[in-house]
Amino acid sequence: MAHRSTRLAVSGAVLVCAPILVAAQAGSLSAREAVALYADHRFDAAVHSLDGSALTVAQFTGALDEWIATGDSPSRVQRRLVAAAFALDAVWAATRTPWNARRDNADPWQRVTPNEPARVQLHQFTSQPLVARWAFEQLPAPGTAASLVRTLWLTAVGVAQDGHAWHQLDREILPLALQRMPDEPRVRLAEAIARTNRELGPLREDASRRNDVLRIERLPPAIARRIPDAIAQFERLLGDPAIGGEAELRIGYLELRRSRWPEALARFDGAAARLSEPMLRAATHYLAGWVYEQLDRPEDAIAEYRQGHAIAPTTRNLATRLAALLFLDNQRADAYAVLETALNARPAPLDLLIALERADGRFVPERLQAIRKGLQ
Amino acid sequence: MTRRLAGLLAIVILGWTTASARVPCVGQQSGFRARTDAVSVVVSVTRDQRPVLGLDAADFGLTDNGVRQSVTVSSLEQVPIDLTLVLTTYPPDRTSEYRRGLDDADATRRLLRPGDRLRVIRVRDDVLGVVVDPDTAVPAGRETYFMGQALVDGLFYALAWPVPADRRHLVVVFTDGWDTWSTLDVGMLPTLAARADAVLHAAFWASPGDGGSGGGLVGVTSANPSARVAEWRASYDAVVAAAHATGGAVHRTNQPAAALASTVRDFRTSYVLHYTPRGVPLPGWHDLRVQVKRGGSFTIRARKGYEGG
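Conventions and cut-offs
Residues numbered from 1 in each chain as written. Chains lettered and ligands numbered in written order. Predicted model: local features only at pLDDT ≥ 70, side-chain atom pairs only at ≥ 80, totals over all residues. Heavy atoms only, no water. Helix = DSSP H or I, 4+ residues; strand = E, 2+ residues; numbered from the N terminus. Buried < 20%, exposed > 50% of the residue type's maximum accessible area, 1.4 Å probe, protein only. Contact = heavy atoms within 4.5 Å. Areas by Shrake-Rupley, 256 points an atom, 1.4 Å probe, with all protein chains shown as cover. Pairing = 2+ DSSP bridges. Right-handed = clockwise from strand over helix to strand, strands pointing away. Axes fitted to C-alpha atoms, helices over the stretch in contact; angles between N-to-C directions. pLDDT = per-residue confidence, 0-100. Expected span 1.5 Å × (residues − 1). Arc of directions from axis to C-beta. Core = buried A, V, L, I, M, F, W, Y, C linked by side-chain atoms within 4.5 Å. Parallel < 35°, antiparallel > 145°, perpendicular 65-115°, else oblique. Left-handed = near helix turned anticlockwise from the far one by under 90°. Nonpolar A, V, L, I, M, F, W, Y, C, P; charged D, E, K, R; others polar. Salt bridge = Lys/Arg side-chain N within 4 Å of Asp/Glu carboxyl O. Phe/Tyr/Trp six-rings, centres within 6.5 Å; stacked < 30°, edge-to-face > 60°.

Student: Go over the overall build of chain A, please, and point to the residues and values.
Tutor: A count of helical and extended segments in chain A gives 19 helices and one strand. Burial statistics for chain A: of 376 residues in total, 58% are counted as buried. Once local pairs closer than 6 in sequence are excluded, the contacts in chain A between residues at least 24 apart make up 71%. Per element, the accessible surface of chain A, about 14,700 Å² overall, is 51% carbon and sulfur.

Student: Residues and numbers for the pairing of strand 13 (residues 199-204) of chain B, please.
Tutor: Residue and element names in this part refer to chain B. Of all six residues in strand 13, six are buried, a share of seventy percent or more. Residues V199, H201 and A203 line one face of strand 13 and the alternating positions L200, A202 and F204 line the opposite face, and both faces are buried. Sheet analysis places strand 12 (residues 168-175) next to strand 13, joined by six bridges and oriented parallel. Residue pairing in the sheet places T175 in a bridge with F204 of strand 13. A crossover connection joins strand 12 to the parallel strand 13 through helix 5 (residues 188-194); in handedness this β-α-β unit is right-handed.

Student: Give a description of the sheet that holds strand 16 (residues 285-292) of chain B that names residues and reports values.
Tutor: Residues and elements named next belong to chain B. Taken in spatial order, the four strands make up an open sheet running 6-5-16-18, and their pairing is antiparallel. Across the chains shown, the open sheet's two edge strands, defined by having one partner strand only, are strand 6 (67-69) and strand 18 (305-307). Ignoring which end each strand starts from, the neighbouring axes of this sheet average 30° apart. As paired elements, strand 5 (residues 60-64) and strand 16 share five bridges and run antiparallel to each other. Its bridge partner being in strand 16, D64 is matched across the sheet by L288.

Student: Which residues make up the confidence of the model for chain B, and what values go with them?
Tutor: Residue and element names in this part refer to chain B. Per-residue confidence for chain B averages 78 on the pLDDT scale, and 73% of its residues sit at or above 70. Across residues 135-145 the pLDDT falls below 50, and counting only partners more than four positions away or on other chains, this stretch makes 35 contacts in the model. Prediction confidence for the complex, expressed as pTM and ipTM, is 0.86 and 0.85 respectively.

Student: Go over the environment of A271 of chain A with me, naming the residues and quoting the values.
Tutor: As for its position among the elements, A271 of chain A is in helix 13 (residues 261-274). The spacing of A271 of chain A and G71 of chain A is 200 residues in sequence and 50 Å in space, taken between C-alpha atoms.

Student: Could you give an account of the side chain of S270 of chain B, naming the residues involved and the relevant values?
Tutor: Residues and elements named next belong to chain B. Along the polypeptide, S270 turns up in the loop between helix 7 (256-268) and strand 15 (271-275). S270 sits in the buried class, given a relative accessible area of 2%. Setting aside its immediate chain neighbours within four residues, S270 contacts V42, V43, S44, S75 and L76.

Student: I'd like a rundown of unusual backbone geometry, residues and numbers included.
Tutor: Glycine aside, a negative phi is what most residues show, and trans is what most peptide bonds show. Residue and element names in this part refer to chain A. With an omega of -5°, the peptide bond between R346 and P347 qualifies as cis. Turning to its location among the elements, P347 is positioned in the loop between helix 17 (332-343) and helix 18 (352-357). A positive phi angle is found at H41, which is not glycine, with a value near 70°. Tracing the sequence through the fold places H41 in the loop between helix 1 (31-39) and helix 2 (43-48). You will see that D296, though not glycine, has its phi angle at about 55°, which is positive. Counting through the fold element by element, D296 comes out in the loop between helix 14 (278-294) and helix 15 (298-311).

Student: Before we move on, can you summarise the confidence of the model for chain A with the specific residues and values?
Tutor: Scored by pLDDT, chain A comes out at a mean of 87, with 89% of its residues at no less than 70. The low-confidence segment residues 1-26 of chain A (pLDDT under 50) makes 92 contacts with residues lying over four places distant or belonging to another chain.

Student: Go over helix 13 of chain A with me, naming the residues and quoting the values.
Tutor: Residues and elements named next belong to chain A. In this model, helix 13 (14 residues) spans 20 Å end to end at C-alpha, consistent with the 20 Å of a helix rising 1.5 Å per residue. Where helix 13 is concerned, the buried positions are W261, A264, L265, R267, F268 and A271. Down the axis, helix 13 shows its buried residues gathered within 160° of arc, on one side only. In this structure, helix 13 carries P262 and A273 as exposed residues pointing more than 90 degrees from its buried face. On its buried face, helix 13 sits against helix 11 (227-235), helix 12 (244-257) and helix 14.

Student: I'd love a proper account of the nonpolar core, names of residues and values included.
Tutor: One finds L256 and L287 of chain A together with F156 of chain B to be the most contacted residues of the largest nonpolar core, which totals 82 residues. The residues contacting L256 of chain A, other than those within four sequence positions of it, are L214, W261, A264, F268, L287, W290 and V291 of chain A. L130, V187, I193 and L200 of chain A belong to the second largest nonpolar core, which has 77 residues in total.

Student: Report on the packing of helix 16 (residues 316-328) of chain A against helix 17 of chain A, specifying residues and quantitative values.
Tutor: All names here are of chain A. Between helix 16 and helix 17, whose axes approach to 8 Å, the crossing angle comes to 165°. By the criterion of interaxial angle, the relationship of helix 16 to helix 17 is roughly antiparallel. Of the two possible hands of crossing, helix 16 and helix 17 adopt the one that is left-handed. Touching R316, A319, T320, L322, A323, L326 and F327 of helix 16 are R332, D334, A335, V338, L339, A342 and L343, all from helix 17. Broken down by class, the residue content of the contact of helix 16 with helix 17 amounts to ten nonpolar, one polar and three charged.

Student: Requested: an account of the pattern of salt bridges, with residues and values cited.
Tutor: Tallying each qualifying case throughout the model produces 40 salt bridges over all chains. Of the charged contacts in the structure, one is a salt bridge between R167 of chain B and D82 of chain B, with a shortest N-O distance of 2.9 Å. One end of the pair, R167 of chain B, is in the loop between helix 4 (151-159) and strand 12; the other, D82 of chain B, is in strand 8 (residues 81-87), with 85 residues separating them in the sequence. Relative accessible area serves as the criterion here: at 11%, R167 of chain B is assigned to the buried category. One continuous salt-bridge network, built from bridges that share partners, spans R186, E246, R250, E277, D360, R362 and R367 of chain A.

Student: Pulling in residues and values, what's your account of the packing of aromatic side chains?
Tutor: Considering all chains together, one arrives at eleven aromatic pairs over all chains under this definition. Taken together, Y38, F43, F60 and F86 of chain A form an aromatic cluster joined through their ring pairs.

Student: Describe the sheet that holds strand 13 of chain B, naming the residues involved and giving the relevant values.
Tutor: All names here are of chain B. Taken together, the six strands give an open sheet; going across it, the order is 10-9-8-12-13-14, and neighbouring strands pair in mixed fashion. Strands with a single pairing partner mark the edges of an open sheet, and in this sheet they are strand 10 (127-131) and strand 14 (250-252). The average undirected angle you get between the axes of adjacent strands in this sheet is 15°. As paired strands, strand 9 (residues 117-123) and strand 10 are joined by five bridges and run antiparallel to one another. When the sheet's bridge partners are listed, V123 is paired in strand 10 with V127. The sheet contacts of helix 6 (residues 225-245) involve strand 13 and strand 14, and relative to strand 13 the element is tilted by about 140°.

Student: Could you give me a rundown of helix 19 (residues 364-375) of chain A, with the residues and numbers involved?
Tutor: Residue and element names in this part refer to chain A. In this model, helix 19 (twelve residues) spans 16 Å end to end at C-alpha, consistent with the 16 Å of a helix rising 1.5 Å per residue. The set of residues buried in helix 19 consists of V364, R367, L368, I371, R372 and L375. On an axial view of helix 19, the arc spanned by its buried residues comes to 145°, and they lie on one face. Facing away from the buried side of helix 19 by over 90 degrees, the exposed positions are E366 and K373.

As structure tokens, then:
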């Protein structure tokens, strides 16, 4: 045995306030070369050829503007579509970093069009609204509901939501989207989400702590007073079958944030009855389970967590809380199985709370796939 | 961004890849070695920091919720053990020196005997566990940055391992004791530990008493350092309480290999007291008291109680 194997794979630690390491692939192509590759339907190669840490948004979009301009007039419309799709695809890939996955729900700048494209690098999450805004400017009004342009519009909204650009969404992006898609439920929901987030802030007591763990928050009175208005924003959407369940879940979350447990549970019950999307259903059960924990009703909490866990078995906060309750209830083997599955899953899925906060950001991957298909 | 990042740990540690053996689950257990009516308690007896050997049942007194019980005694010497190492951060100024003691699998395995098992749990802002198979190298990972230390979650994972009833589980954590990233509240750790079957030993390389230069505070610029120290102390104290609740101990050491070897030796020379509770209802929490009747001054470590279901 002495000659076999042999290191326990442990290394030392150096405590540093380090520069962020990013997950972006090393770039081998310029943005202009990459978009040409994208136009040739070599999507993955194009997206991953960029080095988001070596490219500012201004350089990126400037290169795309040049690429669009090199086409003749009739081809420019198509080039704009391709460039918009590439821009959204590339910024999404560049911002999938561990740091980005754990940001809290604060709008990074608290005002409209705040960050300068010349200073923001593509891999920084603040690039998302800038690139989304640029993509919007390339797009014509959407046609039919299933059109590529419509998908591009909705993707751009999702990218901006993932970037927590609540002010910019509320003041700049969503008004444009509503002009072009006044009947689109997801844009109406996005408007309520952006407005309430803009008015309420991240609903976190301390932004320096781990942000995906549910805690009882002591909301400042000025924020707490605004919650009824925020709830009213979502109540207007309850009658829409496409988004009513999600609106109810979001109302429940606001009730949770102001520690109104019975009201929150009633909303979660209502949402669970209406929702079919797995992520939202899992989030509903997770939040309800957490509320039951606050009410010192562990059996009810276990029941809710179990339902959420059945849908999302590798989300760690839900699984860890469930495992702890099961362990204390002497359900040892179940507890360990739940814990082990979640802790050892790689890559770890986005936490349900974070996914809920990022709204339609959760649809971006599938929409990008649809866009790629549409371009072919 | 800078302000926020300044409040977060950015620590380099070797990460494991996910290619790892998974720990098999054994059957449902009903509590701390309490199988309907049988209870087993691991007891360490030392004098002058040396194990006291040769004790038998007549030498021990045990009360369960204040009621004296009749016990039998066996030695852990012949019982296979499951050793879980929980590895967190290392002292930044002695990284190489410190790691030498732990990163040699052969040295660690020499502490084990045929039939023993070794599990390693790496804790950073997430938790990853592997069972180290002597025939399989643990694949090396790469250095990555992370934002915090999910110590409580990692210790819960370590303690919750449902080992078979004919084995004993020893958990040793090497840590500064500062949790910054767990899902579970630090206050839950002693409660969870008290209900676990394992014995937990904590080897600290720093403590909040070191002041601002120690442990996880190194390199961290904080607008409110006293609040950070208070957070650190709360989790440090929770780890200490958890170790004591399981009948384990805490050590301050910069020599992890020696600490591990001595902890394993101490564990192997422990006794197991077996009894069937008499005169106490089984459900609910049971306070345990263990004493050695022989004359002399002994240090006795045993868990503080168990949940009867």
